[in-house]
Amino acid sequence: MARILIRNGEIFTGTEQFRGHILIKDERIELVSKDSLPETQADEVIDAKGFPVFPGGIDPHVHMHLPTGAGYSSDDFYSGSQAALAGGTTTLIDFVTPHKGQLLQDALSERKKEAENCLTDYSFHVSPVEWRNSMPDEIKAIKEQEGITSFKVYMAYKDTIGLEDEDLRKVMKAVAEAGGMVTVHSEMGDEVDSLRKQFIAEGKTAPEYHPLSRPAELEAEAVKKAIAFADEARCSLYIVHVSAAASLKYIAEAQEKGQKVFAETCPQYLLLDDEKYRGSFDETAPFVLSPPLRKKADNKALWEALLGNTIRTLGTDHCPFNRVQKEQGKDNFTKIANGIGGVEHRLTLLYTYGVLQGKLTMNEFVDLVSTNPAKIFGLYPKKGLIAPGSDADLVLWNPDKENLISVKNHVSNSDLEAYEGFRTQGAPEYVFLRGQKIVDKGKLTNHNLKGKFLKRH
Ligand code: URP
Ligand code: ZN
Ligand code: ZN
């Protein structure tokens, strides 16, 4: 039995802040105390004086080893989870995307194998990519037997994994009956597809046409529709990667009415904008992701929505690629590998550009990166909380550590870095996953961790 004492930390949860001491026993937190704890009880003592201490980050939206037309996303579960841990994230929620005709359970079993080398703890959102009569039973079994509470649907990507409206309604009804939640990629798929075809037919093949083929209004319209369908089905709804100011109105209205609608945004929609689509192919293709980067006014509205609680979580949609994969769309923007990385920088970006700029309190920061994802996705209080009995997933945050984000120093397995040149302040000094120290004095150390598949409730 190993006991680790973390003393003199400035402890933050989503609601509390106090100077205190944490005793870890094996995988769990045994004691949290404002009074000193005897060092003799511990095998190791870490002095956290001057360090905020908060629960390990939970990124509810990542795509490791995602198969695409341009090859797999460049981080597999091993390299992606290393990047996550280096940045203070100890739990990842990725996706299970079955082939057409494949049972949800079979697709989940395959995906679990792919995730066996994940260093963080992990779970999945499972995607019904089509409707069949057995779907309600499959969904129920996944929820009850596998502890997966969230089911992801795509309103875009109609030629592959996207659902038609009628099927979307049926999935929502089945998920509601199973007591689960639907997570949704909201973009009007048919309209996006016809704009893409139109641009290509007109010879408008450069990356700058990617955002023009996926305008903000088509996101907002899909958000409105998804909310209406979820209301009709009495289904809890979580809208992933909200990027457009125009979407926020529908989300806020539904929340005010008491509908169970949650929304996520990502660092790229707070900090990057569509100026990234001006320039050469090499400069612009790295920023092809869906939804695309929007206007500065959208960035501002999203920051306000974080403060107003319309948006409850910060995910990353971590889906990095290498330059050669982006180059597959040299003559056709629809063939550019779609996505960017971010899991490594999520906490430090929100801390630097949110907390240090006075936009967010530390409690709000902890809520967005850890506590709210834990609550929404059925991991709380095991995750997302510092309290006796919770998993000892802890970040001891060095508030002074500065970094210049660069492809040269990032951990992610990609030769592209969307936040290249961003200055950050604040980084993990120590990270614990279930009591095991993985970041030690700012350095990733323990590469032999084994993440656990988490059953949610
Ligand atoms: O561009 C992105 N976001 N790629 C990953 C798939 C998705 O839509 O989340
Ligand atoms: Zn998406
Ligand atoms: Zn995604």
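Keep in mind the model is a prediction, meaning the values are calculated, not measured.

Caption draft 1: Looking closely at the overall build of the protein. Helix and strand counts for the protein stand at 14 helices and 17 strands. Since a compact globule built from 457 residues should have a radius of gyration of about 23 Å, the 21 Å found for the protein is in line with a globular shape. If one aligns the C-alpha atoms of the protein with their principal axes, the spans along those axes are about 70 × 50 × 40 Å. For the protein, the proportion of its 457 residues judged to be buried stands at 61%. Across the protein, the fraction of contacts at a sequence separation of at least 24, relative to all contacts at a separation of at least 6, is 74%.

Caption draft 2: Summary view of the coordination of the zinc ion (ligand 3). Of the protein atoms, only His61 (NE2), His63 (NE2) and Asp317 (OD) coordinate the zinc ion (ligand 3), at distances of 2.0 to 2.2 Å. Classification of the site at the zinc ion (ligand 3) as irregular follows from its four donor atoms and the range of 86 to 141° in their angles at the metal. A distance of 3.6 Å spans the gap from the zinc ion (ligand 3) to the zinc ion (ligand 2). Of this pair, His63 sits in the loop between β6 (57-59) and α1 (77-86) while Asp317 sits in the loop between β13 (313-314) and α12 (323-326), and the two are 254 residues apart along the sequence. A relative accessible area of 8% places His63 in the buried class.

Caption draft 3: The site of ligand 1, seen in detail. Close contacts around ligand 1 come from His61, His63, Tyr157, His185, His241, Leu289, Ser290, Asp317, Cys319, Asn338 and Gly339, and that covers them all. Taking Asp317, its side chain carries an N or O atom lying 2.5 Å from a nitrogen atom of ligand 1. At 2.9 Å from a nitrogen atom of ligand 1 is found a main-chain nitrogen or oxygen belonging to Asn338. Out of a free accessible area of 260 Å², ligand 1 has 95% covered by protein chains. Of all the cavities here, the one that holds ligand 1 is the largest pocket.

Analysis parameters
Residues numbered from 1 in each chain as written. Chains lettered and ligands numbered in written order. Predicted model: local features only at pLDDT ≥ 70, side-chain atom pairs only at ≥ 80, totals over all residues. Heavy atoms only, no water. Helix = DSSP H or I, 4+ residues; strand = E, 2+ residues; numbered from the N terminus. Rg over C-alpha atoms; globule rule 2.2 N^0.38 Å. Buried < 20%, exposed > 50% of the residue type's maximum accessible area, 1.4 Å probe, protein only. Contact = heavy atoms within 4.5 Å. Donors = N, O, S within 2.8 Å, 3.2 Å for Na, K, Ca; no water. Tetrahedral: all angles 85-135°; square planar, octahedral: opposite > 155°, others 65-115°. Near = heavy atom within 4 Å. Polar contact = N/O pair within 3.5 Å; in protein donor to acceptor, adjacent residues only side chain to side chain. Areas by Shrake-Rupley, 256 points an atom, 1.4 Å probe, with all protein chains shown as cover. 1 Å grid on protein atoms, 1.4 Å probe; cavity = no way out; pocket = protein on both sides within 12 Å on 5 of 7 lines; lining within 4 Å. Sits in = over half its atoms within 2 Å of the grid points.

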